[in-house]
Amino acid sequence: MTVGDRKAVTNWSSCAHDPRIWGAETGARVIENGMSKAVYGMTAVPVKGDGPHGAAAEDEDAPGTAHAVEVADAPEGAEAPEPAPDPVEVVRVPEQAPDPELEPGRAPGSASGPGSESGSERQSESASESVLEPVPDPEPDPEPVPESEPGLGPESVSDPVPESELDPEPEPEPEPEPESESESEPEPEPEPEPSSEPGLEPASESAPEPDGERTSTFIPLKALDGVPQESALVSWFGTAPAPAAAPAPVTGPVTAPAPAPVASADPAALPAPAPEGTAEQPLPPLDLLARLTNSPPPPETPARSVARRFKIWVPLFLVLAGVLVVVQALRPLPAVVLAGGGAPTSVTLDGHFEVPWPEKGQAAVWVAGAGDVGTFGEQKPVPTASVAKVMTAYVVLKGHPLKKDEAGPPIAVDAKAVADGTSDNESRVEGLTAGTRFTQQDMLKMLMIPSANNIARLLARWDTGSDSETEFVEKMNVEAKALGMTSTTYTDPSGLDAKTVSTAVDQLKLAEAVMRFDAFRAIVQLPSATIPGLPTGIINNNDLLLSPLSIKGIKTGSSTPAGGALMWAAYKTVGDKTPLILGTMLDQHVTGADPNGGNSLILVKDNSKKVIEAVRAALTKAGAVKKGQVLGYVDDGLGTRTPVVAAQDATVVAVPGQKLELTVETGEKGLPREARAGTEIGVLTVGTGPGATKVPVALQTDLSEPSFAAKLLRLP
């Protein structure tokens, strides 16, 4: 060691032991840190006054030569305290990493080798000759250091061990550098500075994941092995923490507690390192937590990908399934309907019946309550003659209803009615006087019994309040269309015009509708009548009313274009029922002379009488539906159908072989969603029209609410 070196060490020792500058504890640390770093990391510091050019000459060959340096232990940016009074030039060099070969228990400066000095000699020389800037007090360990053996006080004030050295895994030893010419002091290889850039990833590298399967970023609680603490903090906070401020220099005397005993530089006085395999001391809680949480994620594998997808999609599927279950359970149920479901809509009675139809023309027969018996001939539009007056009476009664024995409002005779009464080639009422008033009932009698054309035109003008019959004819066609008389056309209210045409089937529909008026039925069954104000009585042209066939109307018609036409009504009592029998026969023509269709009128009455007699004779009471017969189903809209059956037998009055319609209708309360077997839910109608047979229908089995599974599985 040269003279300059000894001065540096002496100055360093004197500064370090000065309690006014450092304090007791700080001085002890400075001595320990400074000595070790001065020995292993120092370079020659020229001292003024020594050697040529003011610097001590450096002898590389001298054994035990030591180089005093100022160690940059303080954080960057910290202000250094005032140097010692002895003016020296101090060279600041970067802090070198401690020699990995230097064990924690060995005192600084205890390295041995050829030409090396003892630790005590080096400490004394460096303390007397070197002057270093004060080093700030490092932050104490977060956890208390276990007490050492007596006499080893300085061990408690040594520099804090970096957190990275707490890892039980030993760091790999640095490769030895080639020995220099001077074997007295091997230069330790500086540790590479770890990068503190924020982008440093502590976790293991892995392939980038898709957005839908991206996992969380691994951020260690403490720095991983090989990653500086500052880099870990940057990864966590995004920026490096600001360095701690350097302690302010001490300018005056400082009163401090008694300094702790300084560790001896003698290697024999230092504790021996713990042998390998001994029990480790328990880690502090923060270090233990860091060890547990600083595990990087395992590498990506197909099994982990499948498991992750399972964890992502299964909860989503369960949530969607739960929403679907709630929606399906709370959705309104579909309406309960009564459906046929393959049940019969008609029934044909046993037996066979043949109607004695005429040779020509067309005809149709209908039994109230049973329906159509049959039709004959081509149903093409033909002139109707005076049968058209039935529609005239229907329109008047519909617009001006009358009860059975009600006279109705008075109607005045106008000049046209008087003039039309003098015509020779049409049926009429003669002897009328303009201004004479007759009741509505009397006017209807003159219309239907003697078939007066002039009264038909008078009623048409009275109903519409106009001077012509055109508006009334329009009403006739409107009503015909409403009744479903699709093959009927009216051109005048009397039927005298040959352009007024219809069919037997259409006229049968009109007969059924008009016979619902009590006032009309009471009039058309009269063979004759006396009208106050007329000079003579009126006689009905339908002499069938006098036969024992219980014929009760309705209207005859005859003309050269139309031939003979007849709409009739008859009754027949069978058991406790007396159904109405209706029939129409059109286009009946005789061979030979037929002035104004008089002979054809006789023909149509004879042919109609044969049909009436046969039908009345064939009417019988027969069973149409038996009790318990399935007539339909109650459909809850979710696939469940509950059978509906007749609650009792249904019998009808009809002819053998007649086909009857079956209609099931719900009651006024509608269909229930839940009911026991046998509950009546509606009515069965056998046949059509007034007098049709009606029986109740009931559930064959219990009607239950839809099950929860049915609600969930129903389609939108």
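To be clear, the structure that these remarks concern was listed above.
The notes below deal with the structure included here. Quick caveat: nothing in here was measured; it's all calculated off a predicted structure. Note on numbering: residues in each chain are counted from 1, in written sequence order. Local features in this predicted model are restricted to residues whose pLDDT is 70 or higher, and side-chain atom pairs enter the listing and the counts only when it is 80 or higher, whereas totals over whole chains, interfaces and linings include all residues. Only heavy atoms go into the side-chain values, all of them from the structure, while hydrogens and water stay out.

1. So, the pairing of strand S21 (residues 680–686)
Thought 1: Counting buried positions along S21 yields five of seven residues, so the element is predominantly enclosed.
Thought 2: Bridge count between strand S20 (residues 659–666) and S21: five bridges; the pairing is antiparallel. Each bridged residue has a counterpart across the sheet, and for glutamate 665 the counterpart in S21 is valine 683.
Thought 3: What sits between the antiparallel neighbours S21 and strand S22 (residues 693–699) is a turn of six residues, in which glycine 687 has the positive phi angle 95°. For every residue, the accessible area obtained with a 1.4 Å probe (protein chains only) is divided by the maximum for its type, and the residue is called buried under 20%, exposed over 50%, and partly exposed between those limits. The numbering of helices and of strands both runs from the N terminus, where a helix is a DSSP run of H or I of at least 4 residues and a strand a run of E of at least 2. By this definition, two strands are paired if DSSP reports at least two bridges between them.

2. Looking at the pattern of salt bridges
Thought 1: A side-chain nitrogen of Lys or Arg and a carboxyl oxygen of Asp or Glu constitute a salt bridge if their distance falls within 4 Å. Under the defined criterion, the tally for this structure stands at 13 salt bridges.
Thought 2: For arginine 428, the salt bridge goes to glutamate 430, with nearest N and O atoms at 2.7 Å.
Thought 3: With relative accessibility at 23%, the residue arginine 428 sits in the partly exposed group.
Thought 4: A relative accessible area of 48% means that glutamate 430 is categorised as partly exposed.
Thought 5: One salt bridge in this structure joins lysine 475 and aspartate 463, with 2.7 Å as the shortest N-O distance. Taken together, the residues span a long stretch of sequence, with lysine 475 in helix H11 (residues 470–482) and aspartate 463 in helix H10 (residues 453–464) at a distance of 12 residues.

3. Comments concerning the environment of threonine 693
Thought 1: Looking at the element boundaries, threonine 693 is found in strand S22.
Thought 2: For the pair threonine 693 and leucine 662, spaced 31 residues apart in the sequence, the C-alpha separation amounts to 9.9 Å.
Thought 3: The contacts of threonine 693, once residues within four sequence positions are left out, are Gly369, Lys577, Ala650, Thr651, Val652, Leu684, Thr685 and Val686.
Thought 4: Within the structure, the side chain of threonine 693 is placed 3.0 Å from the side chain of lysine 577, a separation counted as a polar contact.
Thought 5: Two N or O atoms count as a polar contact when they lie within 3.5 Å, although within protein this holds only if one can serve as hydrogen donor and the other as acceptor, and sequence-adjacent residues are included solely when both atoms are side-chain atoms. Within the structure, threonine 693 has its side chain in polar contact with the backbone oxygen of threonine 651 (distance 2.7 Å). Note on definitions: a residue-residue contact is assigned when non-hydrogen atoms from the two residues lie within 4.5 Å.

4. Examining the packing of helix H7 (residues 389–399) against helix H9 (residues 440–448)
Thought 1: An axis is simply a line fitted to the C-alpha atoms; with a helix, the fit covers only the stretch in contact. Between two such axes, the angle follows the N-to-C directions and lies from 0 to 180 degrees. Put simply, H7 and H9 touch, their axes get as near as 10 Å, and they point 165° apart. In terms of axis orientation, H7 runs roughly antiparallel to H9. Crossing handedness for the pair H7 and H9: left-handed. Between H7 and H9, the residues in contact are Lys389, Val390, Thr392, Ala393, Val396 and Leu397 and Gln440, Leu444, Leu447 and Met448, respectively.
Thought 2: Ten residue types, Ala, Val, Leu, Ile, Met, Phe, Trp, Tyr, Cys and Pro, are classed as nonpolar, four, Asp, Glu, Lys and Arg, as charged, and the remainder, Gly among them, as polar. Classifying every residue of the contact of H7 with H9 gives seven nonpolar, two polar and one charged. Note that the term roughly parallel is reserved for angles under 35 degrees, roughly antiparallel for angles over 145, roughly perpendicular for angles of 65 to 115, and oblique for everything else. Note on convention: the crossing is left-handed when the near helix lies turned anticlockwise from the far helix by less than a right angle, right-handed when the turn is clockwise.

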